[in-house]
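# Residue-level structural notes
Below are the chains, spelled out letter by letter.
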Amino acid sequence: FPRIAELALQASRDGKYTLASVANGDVGDFSHYLLGPDGNWKQLTQFRDQIKAAHFGRDNALYLLSRADAPRGKVLRLPLDTPELANARMIVPASEAVIQQIVPMADALYVGDLLGGPSQIRRFGLDGKGDKIIPIPKISAVSEMEALEDNSLLFRDVSYTEPAAWFHVVGDAAPVKTALVNTSPVSFADIEVTREFATSKDGTKVPLNIVRKKGTKLDGNNPTLLYGYGGYSISMSPSFDFTRRLWFDRGGVFVVANIRGGGEFGEEWHKAGNLTKKQNVFDDFAAAAEYLIKQKYTRSEKLSILGGSNGGLLMCALITQQPDLMRAVVSAVGIYDMLRVELAPNGAFNVTEFGTVKDPEQFTALYAY
């Protein structure tokens with residue numbers, strides 16, 4: 001294993017097989033090893049095979065989420081009696097949706113997708129046919145999906161205006177909210193969410209999730225908080241925080257930008273914002289700020305920006321490159337000294353995302369910002 005490997009184990013329902021998933025640092029590449037009834041480990045996939053997830057089915061097969069020649073993902077089925085990746089058959093082809101989760105059942109496969117930030121759930125037969133979309137709340141995020149013994153599905157859904165709740169799905173029927181819910185001490189009934197698009201420096205359309213009180217006037221006078229991250233293929237999906245009520249009650253607008261570097265539109269979106277292309281992340285976020293000003297949600301004197309860790313690097317880049325764009329900046333646990341961060345213990349895990357000074361081209365990109 002590489003020095004920065006991280007391991008996860010799972011077992012088949014009958015206990016005859018164990019699967020080891022090995023992560024190569026934090027960049028999202030995995031290899032997989034299978035321990036079978038003969039007591040021997042067998043390597044199924046290598047990092048270059050681009051298999052991002054694997055789950056045991058109830059039909060003596062492994063279901064694989066692959067990004068090989070499919071940056072937004074496809075699903076393969078691999079029989080356990082012939083466990084060679086070459087024997088895997090595609091059952092769900094790539095589409096506009098970014099596949100994030102796969103849950104095989106006895107008679108169906110549920111697929112959790114990302115649509116630029118918000119989520120979608122699809123149900124297929126085990127042969128990949130009979131595609132049906134499960135209706136879920138609008139502009140919401142499905143963070144978890146779990147198969148139950150009776151062949152039904154539980155999923156956890158959250159939005160900007162509704163706290164997280166578990167929903168129950170039988171077949172392709174409409175989901176039913178269960179008693180497993182988070183509650184909020186305050187109501188968000190007067191809050192609305194819209195998705196709009198800013199245009200980045202190179203013409204790329206960047207989604208913005210704009211959360212505000214209904215009836216907010218677009219006169220440039222609203223204090224606005226713009227949040228971003230842009231890295232590691234981590235997507236900024238809808239989330240709920242009741243303390244935002246304090247911001248809305250003071251006339252505030254809250255905005256989350258789905259900038260490049262994240263995984264909102266698949267691995268291409270991620271790769272367009274890492275290593276030597278990191279400047280795209282900063283340009284996207286600046287474009288989001290400029291859009292909010294142009295559309296009179298706010299003005300520079302009333303605009304604040306927020307980010308942490310990799311998002312802290314984003315904050316520092318905006319301070320450095322466009323200090324007049326905003327009035328206030330909050331940077332949590334940021335990464336700033338990009339020419340030395342890889343020397344720190346945790347910094348070694350970040351080389352796959354930011355690059356290294358040992359590579360001339362990557363050094364040039366790091367030094368430039």
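Because the structure is a prediction, the values reported are computed rather than measured.

### A short note on the environment of R244
Mapped onto the secondary structure, R244 falls in helix 1 (residues 244-249). For R244, a relative accessible area of 16% corresponds to the buried category. Along the backbone, R244 and Y160 are 84 residues apart, and their C-alpha atoms lie at a distance of 9.7 Å. Not counting residues within four places of it along the chain, the set of residues in contact with R244 comprises Y160, S239 and F254.

### Focus: the packing of aromatic side chains
Applying the stated rule across the entire model yields eight aromatic pairs. Residues F188 and F248 carry aromatic rings whose centres are separated by 6.0 Å and whose planes lie at 85° to one another, so their mutual orientation is edge-to-face. You can see F188 sitting in the loop between strand 16 (176-181) and strand 17 (191-199) and its partner F248 sitting in helix 1, a full 60 residues away along the chain. For the pair F188 and F248, one class covers both residues: buried. Relative to W269, the ring of F265 has its centre 4.9 Å away and its plane inclined at 70°; by these criteria the two rings are edge-to-face. Among the aromatic side chains, those forming a connected cluster through ring pairs are F188, F240 and F248.

### Considerations on unusual backbone geometry
Phi is positive for S309, which is not a glycine, with a value near 60°. Although it is not a glycine, V333 sits at a positive phi angle of roughly 35°. Here V333 shows up in the loop between strand 22 (328-332) and helix 5 (351-354).

### A few points about the sheet that holds strand 17
Taken in spatial order, the six strands make up an open sheet running 17-18-20-19-21-22, and their pairing is mixed. The open sheet is flanked by strand 17 and strand 22, the only strands paired with a single partner. Ignoring strand direction, the axes of neighbouring strands in this sheet form an average angle of 20°. Each of strand 21 (303-308) and strand 22 is contacted by helix 4 (residues 310-321), which is oriented at about 140° to strand 21, the strand it contacts most.

### Quick look at the environment of F1
Within the element layout of this structure, F1 appears in the segment before strand 1 (5-11). It is 30 Å that separates the C-alpha atoms of F1 and Y336, two residues lying 335 residues apart in sequence. With residues near it in sequence (within four places) discarded, F1 still touches L7, V22 and Y33.

### Digging into the environment of T298
Note on placement: T298 falls in the loop between helix 3 (279-294) and strand 21. Placed 103 residues apart in sequence, T298 and R195 show a C-alpha to C-alpha distance of 17 Å. For T298, the residues in contact, after removing those within four places along its chain, are G220, N222, T224, L292, I293 and L303. Within polar-contact distance, the side chain of T298 engages the backbone oxygen of N222 at 2.8 Å.

### What about the pattern of salt bridges?
Taken as a whole and judged by the stated rule, the model has 16 salt bridges. For the salt bridge of R245 with D190, the shortest nitrogen-to-oxygen distance reads 2.8 Å. Residue R245 is located in helix 1, and its partner D190 is located in the loop between strand 16 and strand 17; the two are separated by 55 residues in the primary sequence. For R245, a relative accessible area of 10% puts it in the buried group. Assessed through its relative accessible area of 28%, D190 is described here as partly exposed. One salt bridge in this structure joins D202 and R260, with 2.8 Å as the shortest N-O distance. Of the two residues, D202 sits in the loop between strand 17 and strand 18 (205-213) while R260 sits in the loop between strand 20 (253-257) and helix 2 (267-271), which places them 58 residues apart along the sequence. A relative accessible area of 5% means that R260 is categorised as buried. Each member of the salt-bridge network shares a partner with another, and the members are D190, K213, R245 and D249.

### Some details on the sheet that holds strand 2 (residues 18-24)
Reading across from one edge, 1-2-3-4 is the order of the four strands in this open sheet, with antiparallel pairing throughout. Of all the strands in the sheet, the pair left with one neighbour each is strand 1 and strand 4 (41-45). Each neighbouring strand pair of the sheet contributes to a mean axis angle of 25°, computed without reference to strand direction.

### Quick look at the nonpolar core
Ranked by internal contacts, the top residues of the largest apolar core, which has 48 residues, are L208, L226, F285 and L318. Of all the secondary structure elements, the ones that give two or more residues to this core are strand 17, strand 18, strand 19 (224-227), strand 20, helix 3, strand 21 and helix 4. With eight residues, helix 3 is the largest single contributor of residues to this core. If sequence neighbours within four positions are ignored, L318 has contacts with F282, F285, A286, I305, P323, L325 and M326.

### Description of helix 3
Compared with an ideal rise of 1.5 Å per residue, which puts 16 residues at 22 Å, helix 3 spans 22 Å between its outermost C-alpha atoms and is within 8% of the ideal. Burial analysis of helix 3 places twelve of its 16 residues in the buried class, the great majority of the element. The set of residues buried in helix 3 consists of N280, V281, F282, D283, D284, F285, A286, A287, A288, A289, Y291 and L292. Of the surrounding elements, those touching the buried residues of helix 3 are strand 17, strand 18, strand 19, strand 20, strand 21 and helix 4. K296 sits one or two residues past helix 3 and shows a positive phi near 65°.

Rules behind the numbers
- Residues numbered from 1 in each chain as written.
- Predicted model: local features only at pLDDT ≥ 70, side-chain atom pairs only at ≥ 80, totals over all residues.
- Heavy atoms only, no water.
- Helix = DSSP H or I, 4+ residues; strand = E, 2+ residues; numbered from the N terminus.
- Buried < 20%, exposed > 50% of the residue type's maximum accessible area, 1.4 Å probe, protein only.
- Contact = heavy atoms within 4.5 Å.
- Phe/Tyr/Trp six-rings, centres within 6.5 Å; stacked < 30°, edge-to-face > 60°.
- Pairing = 2+ DSSP bridges.
- Axes fitted to C-alpha atoms, helices over the stretch in contact; angles between N-to-C directions.
- Polar contact = N/O pair within 3.5 Å; in protein donor to acceptor, adjacent residues only side chain to side chain.
- Salt bridge = Lys/Arg side-chain N within 4 Å of Asp/Glu carboxyl O.
- Core = buried A, V, L, I, M, F, W, Y, C linked by side-chain atoms within 4.5 Å.
- Expected span 1.5 Å × (residues − 1).

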